[in-house]
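Okay, here's what each chain looks like letter by letter:
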Amino acid sequence: MTTELKNTVNNEQQVSEYINKVLSMIEKEEVTQEEAQWVIKETVDGFRDHVNPGFLAYRKTVTEGGQFAAVEWSDGGSCFKDINGKTYIDCLGGFGIYNVGHRNPKVVKAVTDQLNRQALHSQDLLDPLRAMLAKILADITPGDLKYAFFTNSGTESVEAALKIAKMSSDRTTFIATTKAFHGKSLGSLSGTAKGVFRKPFLPLIPGFRHVPFGDIDMMRKTFESCAFVGEDVAGVILEPIQGEGGIIIPPANYLKEVRALCDEYGAVLIFDEVQTGMGRTGKMFAADLFEVEPDILCLAKAFGGGVMPAGAVVANEKVFQNLFDNPFMHTTTFGGNPLACAAAIATIGVLLEENLPERAAEVGEYFLKGLKEAAQGHEDKVLEIRGQGLMIGIEFHQDEIGYEVSKGMFDKGILVAGTLVNSKTIRIEPPLTISYEEVDTVIQSFKEVLATM
Ligand SMILES: *Cc1c(COP(=O)(O)O)cnc(C)c1O
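In this text the structure is predicted, and so the values were computed from the model without any measurement.

**Topic: the sheet that holds strand S10 (residues 311–316)**
One key point about sheets: their strands pair by backbone hydrogen bonds, in either a parallel or an antiparallel sense. As summarised here, the arrangement of the seven strands in space is S4-S10-S9-S8-S7-S5-S6, forming an open sheet in which the pairing is mixed. Strand pairing shows two members of the sheet lacking a second neighbour, strand S4 (145–151) and strand S6 (208–211), which therefore form its edges. The sheet shows a mean angle of 20 degrees between the axes of neighbouring strands, taken without regard to direction. Bridge count for strand S7 (residues 233–238) against strand S8 (residues 268–272) is four bridges, and the pairing is parallel. Its bridge partner lying in S8, isoleucine 237 is registered against isoleucine 270.

**A few points about the packing of aromatic side chains**
Per the counting criterion, the structure on display carries 12 aromatic pairs. Judged by centre distance (5.9 Å) and plane angle (55 degrees), the ring pair of tyrosine 18 and tryptophan 38 falls under tilted. Here the residue tyrosine 18 occupies a position in helix H1 (residues 2–27), and tryptophan 38 occupies one in helix H2 (residues 33–51), the gap between them amounting to 20 residues. Taken together, a centroid distance of 5.1 Å and an interplanar angle of 15 degrees make the contact between phenylalanine 174 and phenylalanine 208 stacked. With a gap of 34 residues between them, phenylalanine 174 in strand S5 (residues 173–177) and phenylalanine 208 in strand S6 connect regions that are remote in the sequence. Judged by relative accessible area, phenylalanine 208 falls into the buried class, the value being 15%. Aromatic rings pair up to connect Phe80, Tyr88 and Phe410 into one cluster. Lying across the ring of tryptophan 38, lysine 21 places its NZ or CZ 4.4 Å from the centre. Looking at lysine 184, its charged tip hangs above the ring of phenylalanine 197, at a distance of 4.1 Å from the centre.

**With respect to the domain arrangement of the protein chain**
Annotation of the protein chain at the domain level lists domain 1 (60–100 + 355–453) and domain 2 (105–353). Just the C-alpha atoms count here: the centres of domain 1 and domain 2 sit 27 Å apart. Contact with domain 1, which involves 30 residues of that partner, is made by 34 residues of domain 2. Between domain 1 and domain 2 the total buried area reaches about 2,600 Å² when both faces are included, carbon and sulfur atoms providing 60% of it.

Basis of the calculations
Residues numbered from 1 in each chain as written. Predicted model: local features only at pLDDT ≥ 70, side-chain atom pairs only at ≥ 80, totals over all residues. Heavy atoms only, no water. Pairing = 2+ DSSP bridges. Helix = DSSP H or I, 4+ residues; strand = E, 2+ residues; numbered from the N terminus. Axes fitted to C-alpha atoms, helices over the stretch in contact; angles between N-to-C directions. Phe/Tyr/Trp six-rings, centres within 6.5 Å; stacked < 30°, edge-to-face > 60°. Buried < 20%, exposed > 50% of the residue type's maximum accessible area, 1.4 Å probe, protein only. Lys NZ or Arg CZ within 6 Å of the ring centre and 35° of its normal. Domains from an automatic or database assignment. Contact = heavy atoms within 4.5 Å. Buried area = accessible area lost by both parts, 1.4 Å probe.

See below:
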């Protein structure tokens, strides 16, 4: 009994000491080599023993020499630094989080200013920033999208969208697309298409069907047969350009035709713009690019400006009004908190003032052209390079080649993303603020890596 008690006390004391050491590290602007070594050791040990050793195995495979090398520590602009001080150009961009760059000063200022006054909301009084952000969203989103519900992540935005769609009719059927990615909570996973992520959790939400993305005939036939068997479609959910699926751009009129089918059959159209939104594709939203108005728009990732986790669904009155009677039908404690709203408001401000969507279109075109030129003579390795704005995919003939390329580029200080759903394609989604010089560096490295293979 005494020993147990003593152990507990000792343990608590040790935990406190450890906490103080960690806090002192967070506080530091520069770490010594010795401190860096300590951080690396604690990180690797912590991942192995308490996070998930699987991550270490994964990192080892993408790091030259099988070391864990990169423990990230700081960031700014288009780059992040590991704790040893090596700088990487971030072409993965957190899978599209950093549209306004890493720690954009205007976003950091808004969040810090808000933090110095109030961090989270009472949950009871009216919080002003939520109202103001909702108004801004109504102004910048396409068509008659008008009401916003705020979340903390992409998957939460999709969950909210599905519930709003379900509330707008008594139907239960959803059409999603193959290679789709909508998140990994049970509802959004129902729309996500990759078997390996879904199988252990089956059955998911009943009523989901997947049709090939871009195939309007299959979409039409599915609408028809669902109506025929009395399982009318409640909604269609898709990404206007598929991200995780490997940057897949649909045929020119596809999304307009999907819109028309939804109208014909009285179904709700949900655009998951968690990745394509906030300027990524060369317009503020991909919906603008394809000139299609969804009934519900899902946002997250870059919505919080790479500073705060934040997401939103924006819907038109027709579908959203079902939540008027009881606004507690769908809620979240942290969604739309003042810090997240401050970040999102500042982010939209930066995107508009600095014309970042237009910039994404221009730089994207330059980047795409450069990558295509660099791949000339390597047709045996590179199958296709495609993109829209700063959402670019390089597809290889085999997974192994893409994998070698991302490894080679990582070693040269450039982070690119092998996709989760389609590892044959590596994704390039840098900050929309990336400089032409940095783009040239990436293109040059790509060329060099291809040459050594
Ligand atoms: C990343 C992503 C999600 C999931 O977002 P989380 O914040 O990781 O839950 C959903 N949809 C799309 C299109 C995404 O790219």
